[in-house]
Amino acid sequence: MVRIRTISTLLLSQIEKGELRQLKFSTNDLKEAFEVAKKIYLDEGERPYGASRGPPGVGKTTIAEAVMIDSKIEEALRESNTVFLYEAPTNELVISAFERLLSLTVHDCDTAKEFLRSVRLYGSLLPPPFISESNDGLLRECTNISPDMLREVVGGKITEDVKITISTEFQRVSARLKTKKLFSLFVDEASTSPLYLPYTPLSDLALKDLMEESRGVMRHLFVVGDERQAIGLEEAYRYNEQLLILPKVRELLEEEGVVESLFKHIGITLRLPEPTERPLHKGFYEELGGLRAYYKFYERVNTLQLNQWRERWGKCNNIDLSFNVLKTVEHALSSSLPLIVINTKESYPPSERVEPYRVKIAIGLAALFRCLYPQLEIAVVGPYQDLVLVAKVNYYSKYGRFGHVYFATINTMLGKEADIVIAMLGKERYGERDMHTIYFQDPNLLNVQLSRHRAMLIIVGDAIRLRNVAAKIARASGMKGERREKEKSLMIRKTIDTLLSLTGVEITKQGRSTPPHRQGDAGVFLNIGRQKIKT
């Protein structure tokens, strides 16, 4: 039976566990980022605002959790009549923040009641607090909790007992105040947040203060995000990062000479196993502070039991993959290599966003890995909705018997992860007259697409052509003095160069013909159709 995810079911599940989750900082970078935030909320910093940049999988949410349960911060905010406002870009992240917070604070009905009195949630698409008053497990289990108490949590008034509000960036939170209070903001997942957006929840109170010539409504601001994962932005924001709140806060801290103490780059990823983070380090983060992996791939092999595939290999038949592709996968698994590049020769038809050959390979690989590893999470990720939808329909029509596979666009995969990710590349930009295609419009999409895996990453598409086009555009843009275009193309080229190097494809100034099969230190490469590597 599937339990519907409401605040009531989440609370009941936590009470049934009967124990609190222990918060820990897995890396010193995370702990130092929290200390920066704590300094700001305790009014011990040179300025009342700061920020932290968190590349993929570094554990950014741990900072918010630590701030919300810190007793000194709670006391300081209470004494100053201040409410802590946690902002996230989506309703799903609001519910997730609620769930994480209750796992740190609730273990029985008494702590649940106290928790409900102190928290408010705001979002246009939040689920109802419970489904049926007469058939709600929490209300039966905890007689000290009333239906009205649950109703007040979602969209209710901010009373004297409320300490923490969790909201999307579009809600008018200050309009729910019963008495005058100040706010301390924590803006999470702020990669794509325009400069003005986090202040929207305070707009009612800010306007009132302006009319009354009163002091401002915001006491503190801490921003967490990653401008190199800012995807889906309008053109103005892509070409001027200072219109986004995270780069703007960093710019202000630099101007005031306090960036070293109030800005922290978190450079250790807990998601991507070493060395699969190296392409992103080289392409996107080397100049910003770097990206290193906390876990080695062999640790994930042991944890996820990736070496338990041989006994199932013979059972995973009737999958429409070529002999060469199957042998390439078998080679990677037997050698414990986390990266596979299937370099296809087929291009997208003009004006189309579906390429059938890479769809065929991707869903075949999804079926194979689903069959080999029934216990793992498998995801297929592509840049276009049409591409992903066609892949999903074809997978369930052809291979649905193998089990569930998650299909997602890059945008919907942001903030999510899977054990094994199959990345279908988008258009690699063919020909002189073609307009810039998706990665060259927004190279951050490549960063997000190649950073969702906890164990293995399989790339299907023309990686060599993508690399060669990026090198060509970077060279031409440099000659024309188009600095921004050159920077974007270099991000792509450096990323793919490192990826190919890890899978055994060497980049030389003279150019060379790539053999059909290669093995590198971290992966295997299969070229279906020969290409020349250009510089």
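Residues numbered from 1 in each chain as written. Predicted model: local features only at pLDDT ≥ 70, side-chain atom pairs only at ≥ 80, totals over all residues. Heavy atoms only, no water.

Digging into the sheet that holds strand β7 (residues 263-265)
- Strand order in this open sheet of 7 strands is β3-β4-β2-β5-β6-β1-β7, and the pairing throughout is parallel. At either end of the open sheet lies a strand with only one pairing partner, and these are β3 (119-122) and β7. Neighbour-to-neighbour, the strand axes of the sheet open up by a mean angle of 15 degrees, direction not taken into account.
- Pairing of strand β2 (residues 82-88) with strand β4 (residues 164-168), which is carried by 5 bridges, proceeds in the parallel orientation. Along β4, the bridge assignment pairs E87 with S167.
- Sitting on the sheet, helix α5 (residues 91-105) touches β2, β3 and β4, and the angle it makes with β4 is about 155 degrees. (Pairing = 2+ DSSP bridges. Helix = DSSP H or I, 4+ residues; strand = E, 2+ residues; numbered from the N terminus. Axes fitted to C-alpha atoms, helices over the stretch in contact; angles between N-to-C directions. Contact = heavy atoms within 4.5 Å.)

Some remarks on the packing of helix α13 (residues 278-285) against helix α23 (residues 483-502)
- Taken N-terminus to C-terminus, the directions of α13 and α23 make an angle of 160 degrees; their axes are 7 Å apart at the nearest point. Classified by the angle between their axes, α13 and α23 sit roughly antiparallel to one another. Note on packing geometry: the crossing formed by α13 with α23 is right-handed. Taken together, the residues of α23 that come into contact with α13 (itself represented by R278, P279, L280, K282, G283 and F284) are M491, K494, T495, T498, L499 and L502.
- Each residue belonging to the contact of α13 with α23 can be placed in one class, and the counts come to 6 nonpolar, 3 polar and 3 charged. (Parallel < 35°, antiparallel > 145°, perpendicular 65-115°, else oblique. Left-handed = near helix turned anticlockwise from the far one by under 90°. Nonpolar A, V, L, I, M, F, W, Y, C, P; charged D, E, K, R; others polar.)

Some details on the nonpolar core
- Core analysis: the biggest nonpolar cluster contains 93 residues, and L365 and F369 have the highest contact counts within it.
- In terms of residue count, helix α17 (residues 356-372) provides more of this core than any other element does, 11 residues in total.
- Setting aside chain neighbours within four positions, we find L365 in contact with L321, V325, V329, I342, I422, I458 and V460.
- A51, L139, M149 and L246 belong to the second-largest nonpolar core, a separate cluster that totals 79 residues. (Core = buried A, V, L, I, M, F, W, Y, C linked by side-chain atoms within 4.5 Å. Buried < 20%, exposed > 50% of the residue type's maximum accessible area, 1.4 Å probe, protein only.)

Digging into the state of the cysteines
- Applying the stated criterion across every chain yields a total of 2 disulfides.
- Between the sulfur atoms of C109 and its disulfide mate C142 the distance is 2.0 Å. In this structure the cystine formed by C109 and C142 twists about its S-S bond by roughly -70 degrees; its chirality is therefore left-handed. Highlighted residues: C109 in helix α6 (residues 109-118) and C142 in the loop between α7 (137-141) and α8 (147-153), separated in sequence by 33 residues. (Disulfide = S-S within 2.5 Å.)

Describing helix α16 (residues 323-334)
- In a regular helix each residue adds 1.5 Å, so 12 residues correspond to 16 Å; α16 covers 16 Å between its end C-alpha atoms and thus fits that length.
- Looking at the residues trailing α16, positive phi occurs at S336, about 55 degrees. (Expected span 1.5 Å × (residues − 1).)

Regarding the side chain of T269
- Within the secondary structure, T269 sits in strand β8 (residues 268-269).
- Overall, the relative accessible area of 0% leaves T269 in the buried class.
- Apart from residues lying up to four places away in sequence, T269 is in contact with P56, G57, V58, E277, L291, R292, A293 and Y294.

Quick notes on the pattern of salt bridges
- The final tally for this structure, using the stated rule, is 34 salt bridges.
- The residue R358 makes a salt bridge to E355 at a minimum N-O spacing of 3.1 Å.
- Owing to a relative accessible area of 3%, E355 belongs among the buried residues under this scheme.
- In this structure, K488 engages E485 in a salt bridge whose closest nitrogen and oxygen atoms are separated by 3.6 Å. Of the two residues, K488 and E485 both sit in helix α23, 3 residues apart, roughly one turn of that helix. (Salt bridge = Lys/Arg side-chain N within 4 Å of Asp/Glu carboxyl O.)

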